[in-house]
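Here are the chains, one letter per residue:
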Amino acid sequence: MIPFLHGVIGTAGAAAGAFESIATVTASGGETALTFSSVPQGYVSLQIRCFSRETWTVAASVQIRMRFNGDAGNTYSFHEVKGNGSSASVQGQASYSNMYCGVSTTANTTASTYGASIIDIHGYASTTRNKTISAFGGGDTGVSSTEYWCAKHTGAWYNTSPVTSITLLPINGFAAGSIFSLYGVKGA
Amino acid sequence: MAVTYEPVVTATLGSAATELTVSNIPQTYTDLVVDVFVPPVPVATNIAMYINDNSSGSTECGFVTLFSNGSGVGSQRSYQHPYFAMNYAATANTTYPTAYTLHFFQYARTDVRKSVIIMSSLDYAGSGASELREGMRNNNEAITKLRLNASGQNLPVGTRVSIFGIAKA
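Residues numbered from 1 in each chain as written. Chains lettered and ligands numbered in written order. Predicted model: local features only at pLDDT ≥ 70, side-chain atom pairs only at ≥ 80, totals over all residues. Heavy atoms only, no water.

Colleague: Provide a residue-level description of the sheet that holds strand 5 (residues 61–68) of chain B, including the pertinent values.
Modeller: Residue and element names in this part refer to chain B. The sheet built from eight strands is open, its strands ordered 1-12-3-8-9-10-5-6 with antiparallel pairing. This sheet does not close on itself; its edge strands, each paired only once, are strand 1 (6–12) and strand 6 (73–81). Here the average twist between neighbouring strands, direction ignored, is 15°. Here 10 bridges tie strand 9 (residues 114–123) to strand 10 (residues 128–137), and the two strands are oriented antiparallel to one another. Note that in strand 10 the partner of S121 across the bridge is S130. (Pairing = 2+ DSSP bridges. Helix = DSSP H or I, 4+ residues; strand = E, 2+ residues; numbered from the N terminus. Axes fitted to C-alpha atoms, helices over the stretch in contact; angles between N-to-C directions.)

Colleague: Describe the pairing of strand 8 (residues 99–105) of chain A, and please don't skip the residues or the numbers.
Modeller: Residues and elements named next belong to chain A. With seven of seven residues buried, strand 8 is to be regarded as a mostly interior element. Across five bridges, strand 5 (residues 61–68) lies against strand 8 in antiparallel orientation. Paired with Q63 across the strands is V103, a residue of strand 8. (Buried < 20%, exposed > 50% of the residue type's maximum accessible area, 1.4 Å probe, protein only.)

Colleague: Can you lay out the side chain of K114 of chain B for me, pointing to particular residues and giving the numbers?
Modeller: All names here are of chain B. Position of K114 among the secondary structure elements: in strand 9. A polar contact is formed between the side chain of K114 and the backbone oxygen of E141, at a distance of 3.1 Å. Discounting chain neighbours no more than four positions away, the residues touching K114 are F105, Q106, Y107, R109, G135, M136, R137, N139, N140, E141, A142 and I143. (Polar contact = N/O pair within 3.5 Å; in protein donor to acceptor, adjacent residues only side chain to side chain. Contact = heavy atoms within 4.5 Å.)

Colleague: Lay out the packing of aromatic side chains with the relevant residues and their values.
Modeller: Enumeration according to the criterion identifies 15 aromatic pairs over all chains in this entry. Centroid distance F78 of chain A to Y100 of chain A: 4.2 Å. Interplanar angle 20°. Geometry classified as stacked. On the criterion of sequence distance, the pair formed by F78 of chain A in strand 6 (residues 76–83) and Y100 of chain A in strand 8 is long-range, its members being 22 residues apart. Neither F78 of chain A nor Y100 of chain A differs from the other in exposure class; each is buried. Aromatic ring contacts, followed pair by pair, group F19 and Y183 of chain A together with Y5 and F164 of chain B into a single cluster. Sitting over the ring of F105 of chain B, R49 of chain A keeps its end group 5.2 Å from the ring centre. One Lys or Arg, K82 of chain A, reaches over the ring of W149 of chain A and ends 4.3 Å from the middle of that ring. (Phe/Tyr/Trp six-rings, centres within 6.5 Å; stacked < 30°, edge-to-face > 60°. Lys NZ or Arg CZ within 6 Å of the ring centre and 35° of its normal.)

Colleague: Would you mind going over the confidence of the model for chain A in detail, with residue names and values included?
Modeller: Here chain A averages 90 in pLDDT, while 91% of its residues score no lower than 70. The low-confidence segment residues 1–16 of chain A, where pLDDT is below 50, has 28 contacts with residues more than four positions distant or belonging to other chains. (pLDDT = per-residue confidence, 0-100.)

Colleague: Lay out the sheet that holds strand 2 (residues 19–22) of chain B with the relevant residues and their values.
Modeller: Residue and element names in this part refer to chain B. Judged by pairing direction, the sheet is antiparallel, and its four strands sit side by side in the order 2-11-4-7 without closing on themselves. For this open sheet the edge positions go to strand 2 and strand 7 (83–85), each flanked by a neighbour on one side alone. Strand-to-strand, the axes of this sheet are offset by a mean angle of 20°, without reference to chain direction. Where strand 4 (residues 48–51) lies against strand 7, three bridges are found, and the strand directions are antiparallel. Paired with A48 across the bridge in strand 7 is A85.

Colleague: Report on the nonpolar core, specifying residues and quantitative values.
Modeller: Judged by nonpolar contacts, the single largest core of 37 residues is most densely connected at V36, L102, F104 and L148 of chain B. A per-element tally of this core places strand 3 (residues 31–38) of chain B first, with four residues. Judged by nonpolar contacts, the second largest core, of 30 residues, contains A27, V39, I166 and F174 of chain A. (Core = buried A, V, L, I, M, F, W, Y, C linked by side-chain atoms within 4.5 Å.)

Now the structure itself:
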């Protein structure tokens with residue numbers, strides 16, 4: 001079952017500010033998807049701050065994947081530039097079923113070690129434009145190995161519908177204690 | 001929705017010094033965002049951020065970097081340090097200022113290693129570099145102190161560290 005987390009509604013009369021907390025979801029362990037649903041539409045952009053680890057045992061770092069509004073079709077594209085401490089590499093995908101956006105550590109890394117990523121979703125509430133994301137993250141654990149890397153991602157969802165739900169996907173499962181926090185950025 | 005991203009403290013050097021320290025960082029946020037501004041330095045040098053009381057003998061910090069210097073892109077790894085480096089492909093410059101943003105995740109917890117993202121702007125009108133770095137301190141200590149250091153050289157007057165706190169959503 002995919003756990004849903006509804007946005008937390010603040011109290012009336014809260015002080016005006018540009019960066020507002022919306023919701024946090026924490027993995028209990030093994031989830032194959034985590035979703036922010038009922039995303040409020042009153043911001044200019046959104047930011048997701050990720051502290052994440054996977055249950056995967058094949059590699060030491062792995063990309064986080066993302067979909068909008070439950071769309072699992074080939075309606076996404078992304079680009080990646082990745083650095084493993086020795087060299088940089090690139091990839092790009094079009095007509096893909098999700099966007100890469102950030103990095104998690106895996107079960108192959110030291111316990112209590114999580115990847116850190118920041119995902120920005122621009123113009124998410126637009127009804128006339130496709131949606132664009134940018135992200136950076138990494139999963140270094142302080143050892144000499146090219147299995148641990150960082151990556152810059154950009155991506156797009158080719159749909160002009162406003163984003164009302166955001167689903168984050170692991171390659172295998174999110175480890176217990178992975179935390180994803182959603183924030184809204186208001187316009188000037 | 002709760003407003004967050006709150007200013008915590010800004011520290012600015014009024015005279016040159018080898019280190020700029022911010023202590024007693026409140027433990028009430030989830031993440032810290034640290035903006036660092038370094039004016040042109042007297043001697044080209046490396047800039048680093050020490051955590052808490054990490055001595056020079058500490059080997060707790062490691063980081064992986066993605067960088068571009070205007071002619072190519074590359075990656076570098078360094079580990080077993082007492083600090084997080086904030087530049088690699090270019091040093092702090094004697095003519096141009098440099099700027100850095102550090103994001104510390106879950107900094108106040110005592111049950112996880114500390115992860116950081118560092119963005120470095122080292123552009124010198126035709127030279128320099130742009131760098132993105134992710135690092136980890138192999139220690140579960142909460143972060144209570146940050147020490148900006150110029151690797152044995154002086155940080156100039158006007159060097160500034162501004163800390164912001166982001167509360168849990």
